[in-house]
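Report on the structure
So the chains spell out like this:
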Amino acid sequence: MVDQFVGTWKITSSENFDEYMKAIGVGFATRQMGNLAKPNLSLSVDDQGVITLKALTTFKTTEIQFKLGEEFDETTADDRKTKTVITLENGKLVQKQTWDGKTTSIEREIQDGKMIAKCYMDDVVAVRTYEKEA
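Fair warning: this is a prediction, and the values are worked out from it, not measured in the lab. (Residues numbered from 1 in each chain as written. Predicted model: local features only at pLDDT ≥ 70, side-chain atom pairs only at ≥ 80, totals over all residues. Heavy atoms only, no water.)

1. Quick look at the UniProt feature "domain: Cytosolic fatty-acid binding proteins" (unreviewed entry) in the protein
Using the residue numbers shown here, the UniProt feature "domain: Cytosolic fatty-acid binding proteins" (unreviewed entry) corresponds to residues 7-24. Across residues 7-24, helical content stands at 39% and strand content at 50%; the span's end C-alpha atoms are separated by 28 Å. (UniProt positions renumbered as here; feature names shortened; annotations may be inferred. Helix = DSSP H or I, 4+ residues; strand = E, 2+ residues; numbered from the N terminus.)

Given below as structure tokens:
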């Protein structure tokens, strides 16, 4: 289950995120804001199995609601309109976004009590690390 992901997570490090944003086509100004943003992630699950994932920054808050394995329309923080599917694979929460013939994926997993988010686009990988807030 996704129980290990439930809670509020504060970003503690971000590696290669500018290169990842470049690879998915984010413009310069938006990348500058994206690099400055220190998002907190909040994940919750309701009784119906609907998962809510919020990314909160001082610039913008995004929220998606989904059920595992069911495709939905997502508008990303950088305003891409994607078809997104999130699955649970080997303990990892895997988010695949497709738009304009492109595909990117974000794999989130818990390691040593931290959430590690790996963002993949072609041969570019960004790694963002979050720690759970008490």
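2. Quick word on the pairing of strand β4 (residues 61-66)
Pairing between strand β3 (residues 51-56) and β4: 6 bridges, direction antiparallel. Its bridge partner lying in β4, T52 is registered against Q65. Where β3 folds back onto β4 in an antiparallel hairpin, the turn is made up of 4 residues. (Pairing = 2+ DSSP bridges.)

3. Looking at a nonpolar patch on the surface
The grouping of M33, L36 and F59 at the surface amounts to a nonpolar patch, some 320 Å² of accessible area in total. By the secondary structure assignment, M33 is in helix α2 (residues 28-36). Take M33: its relative accessible area is 41%, and that puts it in the partly exposed class. (Patch = residues over 30% accessible without salt bridge, like charges linked within 9 Å, V, L, I, M, F, W, Y side chains within 5 Å. Areas by Shrake-Rupley, 256 points an atom, 1.4 Å probe, with all protein chains shown as cover. Salt bridge = Lys/Arg side-chain N within 4 Å of Asp/Glu carboxyl O. Buried < 20%, exposed > 50% of the residue type's maximum accessible area, 1.4 Å probe, protein only.)

4. Observations concerning the side chain of T84
Of note, T84 is situated in strand β6 (residues 81-89). There is a polar contact of 2.7 Å between the side chain of T84 and the side chain of E74. Contact partners of T84, with chain neighbours within four places excluded, come to E70, E71, F72, E74, Q95, K96 and Q97. (Polar contact = N/O pair within 3.5 Å; in protein donor to acceptor, adjacent residues only side chain to side chain. Contact = heavy atoms within 4.5 Å.)

5. Points about the environment of N16
Its place among the elements puts N16 in the loop between β1 (7-15) and α1 (17-23). Taking C-alpha positions, N16 is 31 Å from V50, a pair spaced 34 residues apart along the chain. Among residues more than four places away in sequence, those in contact with N16 are V124, V125 and A126.

6. Brief notes about the pattern of salt bridges
The final tally for this structure, using the stated rule, is 8 salt bridges. In this structure, K54 and E63 form a salt bridge, with 3.8 Å as the shortest nitrogen-oxygen distance. Ionic pairing is found between E107 and K92, a salt bridge with its closest N-O pair at 3.5 Å. You can see E107 sitting in strand β8 (residues 102-111) and its partner K92 sitting in strand β7 (residues 92-99), a full 15 residues away along the chain.

7. What to know about the packing of aromatic side chains
Under the criterion given, the structure shown has 2 aromatic pairs. Plain terms: the ring middles of F66 and F72 are 5.7 Å apart, the flat faces sit at 10° to each other, and that makes the pair stacked. By relative accessible area, which is 4% here, F66 ends up buried. Assessed through its relative accessible area of 12%, F72 is described here as buried. For R80, the ring lying beneath its charged end belongs to W99, and the centroid distance is 4.4 Å. Its guanidinium or amino end placed over the ring of F17, R128 lies 3.7 Å from that ring's centre, counting from NZ or CZ. (Phe/Tyr/Trp six-rings, centres within 6.5 Å; stacked < 30°, edge-to-face > 60°. Lys NZ or Arg CZ within 6 Å of the ring centre and 35° of its normal.)

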